[in-house]
Amino acid sequence: MTNVILLGPPGAGKGTQAKRLVDERGMTQLSTGDMLRAARSSGSEMGLKVAAVMDAGGLVTDEIVIGLIREKLESGESNGYIFDGFPRTLGQADALGALLDQIGQKLDAVISMQVDDSALVRRVTGRYTCANCGAVYHDETHPTKVDGVCDSCGSTNLVRRADDNEESLRHRLMEYYKKTSPLIGYYYAKGDLSSVDALAKVEDVAGAIKDILDR
Ligand code: ADP
Ligand code: AMP
């Protein structure tokens, strides 16, 4: 069993690669962003509380996201977890280590997905996803084969995220550099860190991740 963190700024390609690992290896994707968006659309009290922070591109409190991850780890059997968009702060990283300890598991790899910031605006503003199955597309680099129809599940419910605009991205990037990028040093010091060139083609990034996981 392999547990891996995909670490990188918004638009680095974490979700895209996580979905491939789910399909190819039967691993479980734990995306706190997806969980928070699901909470919002269900109209739960927590979902309503986090909506404004998410739209502005800020970080939701550690307490909330750690709670979401704890629930998943305590309730599930898995063939390996892919942490996508979590942890995002040092507090979350410490909490994840403790939670994995509690269930007798460990982290096998932390993969830093390296991209130029200049690529991120294009990646994020061109992104759309299938609301039914979560498949990730891009206007230029990866459009659906048939306009308006999801390749994976055939749904026509393709959506853009409210926070995928340039202004929110600027704030998300600032949050990333202030609060999340220190995790690169944290995991390097622990001896867990590997890096991939996330500017490469989706297939090539997937190949580089496979090499790390098979090592
Ligand atoms: P993240 O989960 O890190 O925010 P996504 O996986 O949602 O990033 O990818 C952001 C956008 O960039 C999506 O529209 C996706 O289709 C596109 N994308 C992802 N990986 C690549 C890549 N290697 N090359 C070009 N576009 C990519
Ligand atoms: P993402 O889908 O990973 O791009 O996350 C979308 C938004 O959800 C972020 O901009 C944050 O507002 C919130 N979010 C997701 N994951 C976390 C996390 N681990 N810690 C704090 N906020 C998060």
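Residues numbered from 1 in each chain as written. Chains lettered and ligands numbered in written order. Predicted model: local features only at pLDDT ≥ 70, side-chain atom pairs only at ≥ 80, totals over all residues. Heavy atoms only, no water.

Student: What is the right way to look at the site of ligand 1 in this model?
Tutor: Around ligand 1, the structure places 18 residues, and the nearest of them are Lys-14, Thr-16, Arg-127, Tyr-137 and Ala-200. The contact in question runs from a nitrogen atom of ligand 1 to an N or O atom on the side chain of Arg-123, over 3.4 Å. Out of a free accessible area of 560 Å², ligand 1 has 91% covered by protein chains. Contributing elements (two or more residues each) for the shell around ligand 1: α1 (14–25) and β6 (136–138). (Near = heavy atom within 4 Å. Polar contact = N/O pair within 3.5 Å; in protein donor to acceptor, adjacent residues only side chain to side chain. Areas by Shrake-Rupley, 256 points an atom, 1.4 Å probe, with all protein chains shown as cover. Helix = DSSP H or I, 4+ residues; strand = E, 2+ residues; numbered from the N terminus.)

Student: Explain the environment of Ile-212 to me, please; I cannot follow it from the model alone.
Tutor: Tracing the sequence through the fold places Ile-212 in helix α9 (residues 202–214). Ile-212 sits 103 residues away from Ala-109 along the chain, and the two C-alpha atoms are 7.9 Å apart. When residues no more than four places from it in sequence are discounted, the contact partners of Ile-212 are Ala-109, Ile-111, Ser-194, Ser-195 and Val-196. (Contact = heavy atoms within 4.5 Å.)

Student: For this particular structure, what's the right way to read a negative patch on the surface?
Tutor: A surface patch of like charges, here negative, comprises Asp-116, Asp-117, Asp-197 and Asp-204. For Asp-204, the position within the fold is in helix α9. (Patch = residues over 30% accessible without salt bridge, like charges linked within 9 Å, V, L, I, M, F, W, Y side chains within 5 Å. Salt bridge = Lys/Arg side-chain N within 4 Å of Asp/Glu carboxyl O. Lys, Arg positive; Asp, Glu negative; His and termini not counted. Charge placed at Lys NZ, Arg CZ, Asp CG, Glu CD.)

Student: I'm lost on α9 in this one. Help?
Tutor: In an α-helix, one full turn covers 3.6 residues, which means residues spaced three or four apart are oriented alike. Given a rise of 1.5 Å per residue, 13 residues ought to cover 18 Å, and the 18 Å separating the end C-alpha atoms of α9 matches this to within 8%. Buried within α9 are the following residues: Val-205, Ala-206, Ile-209, Ile-212 and Leu-213. Burial along α9 is one-sided: seen end-on, the buried residues are contained in an arc of 120°. Away from its buried face by more than 90 degrees, α9 exposes Glu-203 and Asp-211. (Expected span 1.5 Å × (residues − 1). Buried < 20%, exposed > 50% of the residue type's maximum accessible area, 1.4 Å probe, protein only. Arc of directions from axis to C-beta.)

Student: What is the right way to look at the site of ligand 2 in this model?
Tutor: Taken together, 16 residues lie near ligand 2, and Thr-32, Arg-37, Gly-58, Gln-92 and Arg-161 sit nearest. One of the side-chain nitrogen or oxygen atoms of Arg-37 is found 2.9 Å away from an oxygen atom of ligand 2. In the model, an oxygen atom of ligand 2 is placed 2.5 Å from a nitrogen or oxygen of the Gly-58 main chain. Alone, ligand 2 offers 480 Å² of accessible surface; in the complex the protein occludes 96% of this. Ranked by residues supplied to the shell around ligand 2, first place goes to helix α2 (residues 32–42) with four residues. Broken down by class, the residue content of the shell around ligand 2 amounts to six nonpolar, five polar and five charged. (Nonpolar A, V, L, I, M, F, W, Y, C, P; charged D, E, K, R; others polar.)

Student: Explain the packing of helix α5 (residues 90–102) against helix α8 (residues 182–190) to me, please; I cannot follow it from the model alone.
Tutor: Relative orientation of the contacting elements α5 and α8 amounts to 35°, with a least axis distance of 10 Å. Of the residues in α8, those in contact with Leu-90, Ala-93 and Asp-94 of α5 are Pro-182, Leu-183, Tyr-186 and Tyr-187. (Axes fitted to C-alpha atoms, helices over the stretch in contact; angles between N-to-C directions.)

Student: Help me understand the packing of helix α6 (residues 117–125) against helix α7 (residues 166–180), please; the structure alone is not making it clear to me.
Tutor: Helix-helix packing is characterised by the crossing angle of the two axes and by the distance between the axes. Packing of α6 against α7 brings their axes to within 10 Å, and their N-to-C directions diverge by 135°. As the angle between them shows, α6 and α7 are arranged oblique. In this structure, α6 meets α7 at a crossing whose hand is right-handed. Counted together, Asp-117, Leu-120, Val-121, Val-124 and Thr-125 of α6 and Glu-166, Leu-169, Arg-170, Arg-172, Leu-173 and Tyr-177 of α7 form the full contact between these two elements. The class makeup of the residues in the contact of α6 with α7 is six nonpolar, one polar and four charged. (Parallel < 35°, antiparallel > 145°, perpendicular 65-115°, else oblique. Left-handed = near helix turned anticlockwise from the far one by under 90°.)

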